Each structure stands twice: as structure tokens, then as C-alpha cells.
Amino acid sequence: MAARKLFLLAGDGIGMEIMAEAGKLITCMNDELDLGFECEEGLVGGAAYDACGKAISEGDMRQALAADAVLFGAVGGPKWADVPYDVRPEAGLLRLRKELELFANLRPAICYPALASASSLKPELVDGLDILIVRELTGGVYFGEPKEITDLGHGNKRAVDTQVYETGEIERIAAVAFELARGRNRHVTSMEKHNVMKSGVLWREVVSAIHAVQYKDVALAHMLADAGAMQLVRAPRQFDVIVTDNLFGDLLSDVAAMLTGSLGMLPSASLGVVDSKTGSRRAMYEPVHGSAPDIAGKGLANPIAMIASLAMCLRISFGMNDEAGWLERAISAVLDDGLRTADIYSNGMQKVSTGEMGDALVTKFKQIAA
Ligand code: NAD
């Protein structure tokens, strides 16, 4: 069996604590199920800056490019607030996204039944929620040119951002959404604003065209992004997979995130293009949250977002649907048992540390996988 190469970049703050818990699960999978994961560790963010004056070293960048998948913790913190802009901690994350060409950002919003009361919506609206937002990550208004502020004189300025998409960019993100929908409930909702934006007209046209040719087995609906935001908080369970551009995806995924209760629970994946020779694709998996300097080093961090990101890695990069499902069931089971880190704690539950939550997940995973 070929080794499965994981490159672990824990980063800063709670990044190190939650990655240690993911490491326990990987060790357990190797020991119990002989999955053959080979892990290398590198530095990113402030930790890399302290070691080599860069947000990620050239050697670690090469390792990230060579790995089957990268697991990323979180970067940043007050210690590096004044470092030069191009070597600030976040620059490491941006460089990884750019050089791995990660154009598809996947953010699931899953509401575990045991946490339905932690959502800002009524429990009956979110209980059992399981939606996936597929956001285009490398195009659109964040990158389009021109992007400038022009001084018009007399105290007047003009700011321009350019929303721009080409057919191929839309096709490849739509294909990711349709492929993923095939492993779920076979329903994709595409969101744009074709009523006021030319890029929205093209988006809708291209998504419809690729659907008609390659993905007729998946249902496709179109929705204006503003109506989509409203529907996400009105009746979120109507959605399965949502595909949208960089800007709308940024907003809609944050809305969807809040439906699930806590930042400490939210995983993500970012995918690159499929290599035509090997059939594999570069990918990075990371929790949505940051390095949480306010709680770092105190054993308070919730490791579930990191471990749910590992589950996404098993499923997407290695096709291990069973193992991913077992890990997700282990998360559900520890929550059903009443175990809570401080961020999701409520009266009557059992408060546990980061390490205790990780240990409980290992125990549950072993039981479920046996
Ligand atoms: P944050 O996500 O780090 O924290 C926001 C709040 O949520 C804090 O109160 C924190 O304690 C809590 N929180 C976050 N993750 C948690 C977890 N797993 N368990 C329990 N509580 C958790 O956002 P922030 O405070 O705005 O940013 C802190 C640093 O992280 C900044 O330097 C920021 O630039 C960086 N950041 C990095 C990433 C990334 O690496 N992908 C993302 C966002 C922010």
C-alpha cells in the first residue's frame, strides 16, 4: 500500500493544541486500522517567522506541494502584530492557497442534535442541518483588476474593485459542487445576482450549461444571492449544496456558520485542480476559526473543528468514506454523552479540556470502528 502523506502545519496559538488532538486520531487510525498515514510537520505563521523570518519556509512550502493533503491549524496573534506586512502570519496561509492553487473552498454547516439549542435560530429549524457551501476562492471581486483608489482632487477620491469571472473558472467550481452533491442529497443551489451583475448572468449560464451536459442526475436550482441569505436563516434545511462566487460565498458561509452554534465546531476544506496524470488533487483542510490568542495555552480550545476537518480529508483526499463517517459519528457520540469544551458548555453538561475531548474522541472512534 502506498503511504498516505499528510503535512501538518499547526501554526500559532490554539493551532498547536488542536493539531495535537488530530495527531492522536491519526495515530489511532494507523494503529487500529493500519491506514498507513505518514505525517511530516512544518511551521507556518508566527511560528515560522520566529524560526526563519518568513511566514512559511521554502522547504515547508515544498513539503506542502508534495503531500497528498495538508492539515492546517491556525495562524496569527498579538506577538506578531508589528512584523512586516509581507511576512505577517496570514501571508503563510495566503501563499499556501495560491501555490497549491486552491480554488474551491468547502464549508459544511452541520448542526449536531446535541447542540441545536446553541444556534441563534430555533432548534426545530436547525436540528439535523447538514449543508455544504462551495465558494470560489481565487477569482471574483477580491482579485479582479483594476483594483484601485484614484485621487480626483478637491478631497474627492474614486475606489474601484472589479468583479470578473471567466467560463473556465465557473465551470470548475460548478463541477466540484455537482460532484460533491452526488455523494450527498444530489441537490445544488447556485447563487449569484444575474439581475444586476453581468458576472451573475455568465455564472448562471455556465452552471446551467455544465449541468445539462454532465450532471443531469443532480437537481439544480438558481437563487439570487440576497434571497439565498434570507432563505438560509428562514429555512436552512431546504439546502444541500450551495455553489457561489468568492464574495457571496464569504458572506453566505459566515451566515451558515452561525446556524451551527460555535466557531470551534466548523471545519473547512480547500481544493485545487485535479492533476490530469495522477487523478489526484491538492487539498488543505483547516478549521474556520483563528488562533484564539485569548484562550491559547489554557486547554480551553475545542478540537472538534480540527478533527472534523480531518474527517473531510479522509473522505475527499483519500476516498475513505467509512472512516470519515466513523469519525463524524464519534463527534456526535461524545456530544450526545454530554462532553463539552468551554465554548459549547451549558448547564448540566460535563466540562472537559482540549485534551480530554481529544481522548474521548479517540475512545469513541475505536469503539465505532471495531
Ligand atoms: P478567532 O477565531 O481566533 O477567535 C474568535 C473567538 O472565538 C475567540 O473568543 C476565541 O477564543 C473563540 N474560538 C475560536 N476558536 C475556538 C475553538 N476552537 N475553541 C474555543 N473557542 C474558540 O478570531 P480572532 O480572535 O478574530 O483572531 C485571532 C487571530 O487569529 C488573529 O491573529 C487573526 O488574524 C487570526 N485568524 C487566523 C485564521 C486562520 O488561521 N485561518 C482565521 C481567522 C483569524
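Calculation notes
Residues numbered from 1 in each chain as written. Predicted model: local features only at pLDDT ≥ 70, side-chain atom pairs only at ≥ 80, totals over all residues. Heavy atoms only, no water. Helix = DSSP H or I, 4+ residues; strand = E, 2+ residues; numbered from the N terminus. Rg over C-alpha atoms; globule rule 2.2 N^0.38 Å. Buried < 20%, exposed > 50% of the residue type's maximum accessible area, 1.4 Å probe, protein only. Contact = heavy atoms within 4.5 Å. Pairing = 2+ DSSP bridges. Axes fitted to C-alpha atoms, helices over the stretch in contact; angles between N-to-C directions. UniProt positions renumbered as here; feature names shortened; annotations may be inferred. 1 Å grid on protein atoms, 1.4 Å probe; cavity = no way out; pocket = protein on both sides within 12 Å on 5 of 7 lines; lining within 4 Å. Near = heavy atom within 4 Å. Polar contact = N/O pair within 3.5 Å; in protein donor to acceptor, adjacent residues only side chain to side chain. Areas by Shrake-Rupley, 256 points an atom, 1.4 Å probe, with all protein chains shown as cover. Expected span 1.5 Å × (residues − 1). Points joined across faces, edges and corners; volume = space filled by probe spheres on them. Nonpolar A, V, L, I, M, F, W, Y, C, P; charged D, E, K, R; others polar.

An unreviewed UniProt entry annotates the chain as 3-isopropylmalate dehydrogenase originating from Candidatus Tokpelaia hoelldobleri.

S.K.: How do you make sense of the overall build of the chain when you look at a structure like this?
M.R.: Broken down by element type, the chain carries 12 helices and 14 strands. The globule rule puts the C-alpha radius of gyration for 370 residues at 21 Å, and the 21 Å found for the chain is close to it. Counting only C-alpha atoms, the chain reaches 60 × 50 × 50 Å along its principal axes. Per-residue burial over the chain gives 50% buried out of 370 residues. A fraction of 74% describes how many contacts in the chain between residues 6 or more apart in sequence connect residues 24 or more apart.

S.K.: Looking at this model, I keep getting lost on the sheet that holds strand β12 (residues 281–287). Mind explaining?
M.R.: Backbone-to-backbone hydrogen bonds pair the strands of a sheet. The strands run either parallel or antiparallel. With respect to topology, 10 strands assemble into an open sheet ordered β2-β1-β3-β12-β11-β4-β5-β10-β8-β9, the strand pairing being mixed. Sheet topology places β2 (37–42) and β9 (219–224) at the edges, where each strand pairs with a single neighbour. Going across the sheet, the axis of each strand differs from the next one's by a mean of 20 degrees, ignoring polarity. Inspection of the sheet shows strand β5 (residues 130–136) paired to strand β10 (residues 241–244) by four bridges, in the parallel sense.

S.K.: How should I be thinking about the environment of Gly76 in this particular structure?
M.R.: If you trace the backbone, Gly76 turns up in the loop between β3 (69–74) and α4 (89–99). By relative accessible area, which is 6% here, Gly76 ends up buried. Taking the C-alpha atoms as reference points, Gly76 and Gly15, 61 residues apart in sequence, are found 9.6 Å from one another. If near-sequence neighbours (up to four positions away) are discounted, Gly76 is found in contact with Asp12, Pro89, Glu90 and Ser291.

S.K.: Help me understand the UniProt feature "binding site: substrate" (unreviewed entry) in the chain in this model?
M.R.: Under the present numbering, the feature "binding site: substrate" (unreviewed entry) in UniProt falls on Arg97, Arg107, Arg135 and Asp226. Spatially, the listed residues are scattered: they cover 130 residues, and their C-alpha atoms lie as much as 27.6 Å apart. Lining the second largest cavity, from the set of annotated residues above, are Arg107. Along the chain, Arg107 turns up in strand β4 (residues 104–110). The class for Arg107 is buried, based on a relative accessible area of 12%. Not counting residues within four places of it along the chain, the set of residues in contact with Arg107 comprises Ile131, Leu132, Ile133, Ser253, Asp254, Ala257, Pro267, Ser268 and Val288. Residue classification places Arg135 among the buried positions, given a relative accessible area of 10%. Apart from residues no more than four positions distant in its own chain, Arg135 is found in contact with Phe103, Ala104, Asn105, Tyr142, Ile173, Thr244, Asp245, Asn246, Gly249 and Asp250.

S.K.: Looking at this structure, I do not really get the site of the ligand. What am I missing?
M.R.: The environment of the ligand is formed by 21 residues, the closest being Glu90, Gly290, Ala292, Asp294 and Asn302. Val75 is positioned with one of its backbone polar atoms (N or O) 2.9 Å from an oxygen atom of the ligand. Look at the ligand: alone it shows 800 Å² of surface, and the protein chains cover 67% of it. Of all the elements in the fold, those that place two or more residues in the shell around the ligand are β3 and α4.

S.K.: Got a minute to help me understand the pairing of β5 in this structure?
M.R.: Consecutive residues of a regular strand have side chains that alternate between opposite faces of the sheet. A large share of β5 lies buried, amounting to six of its seven residues. Of the strand pairs in this sheet, β4 and β5 are connected by seven bridges, and their pairing is antiparallel. Residue pairing across strands places Asn105 opposite Arg135, the latter belonging to β5.

S.K.: Even after reading the chapter, I still don't get helix α1 (residues 14–33), so can you show me in this structure?
M.R.: What sets the pattern is the α-helix's 3.6 residues per turn: residues three or four places apart point alike. Compared with the 28 Å implied by 1.5 Å per residue over 20 residues, the 28 Å span of α1 between its first and last C-alpha is a close match. For α1, the complete set of buried residues consists of Ile14, Gly15, Glu17, Ile18, Met19, Glu21, Ala22, Leu25, Ile26, Cys28 and Met29. Positive backbone phi, at 55 degrees, marks Asp34, one or two positions downstream of α1.

S.K.: What am I meant to see in the side chain of Ser291 here?
M.R.: Relative to the elements of secondary structure, Ser291 occurs in the loop between β12 and α10 (304–318). Within polar-contact distance, the side chain of Ser291 engages the backbone oxygen of Gly76 at 2.8 Å. Discounting residues that sit within four places of it in the chain, Ser291 has contacts with Asp12, Gly13, Ile14, Ala74, Val75, Gly76, Gly77 and Ala296.

S.K.: What am I meant to see in empty space enclosed by the protein here?
M.R.: Empty space left among the atoms is revealed by rolling a probe the size of a water molecule over them. Enumeration according to the criterion identifies two cavities of 30 Å³ or more in this entry. Space inside the largest cavity adds up to approximately 50 Å³. In terms of lining, the largest cavity is formed by Gln163, Tyr165, Glu192, Lys193, Met197, Ser199, Gly200, Trp203, Asp245 and Phe248. For the lining of the largest cavity, the per-class residue count stands at four nonpolar, three polar and three charged. Considering only enclosed or pocket space, the second largest cavity measures out at about 40 Å³ in volume. Lining of the second largest cavity is provided by Arg107, Pro108, Ala109, Ile133, Ser253, Ala256, Ala257, Leu266, Pro267 and Val288. Of all elements in the fold, only β4 and α9 (246–258) reach the threshold of two or more residues within the lining of the second largest cavity.

S.K.: Would you take a moment to explain the UniProt feature "domain: Isopropylmalate dehydrogenase-like" (unreviewed entry) in the chain for this structure?
M.R.: As annotated by UniProt and renumbered to match this structure, "domain: Isopropylmalate dehydrogenase-like" (unreviewed entry) occupies residues 5–361. In residues 5–361, the share of helix is 41% and the share of strand is 24%. The end C-alpha atoms are 23 Å apart.

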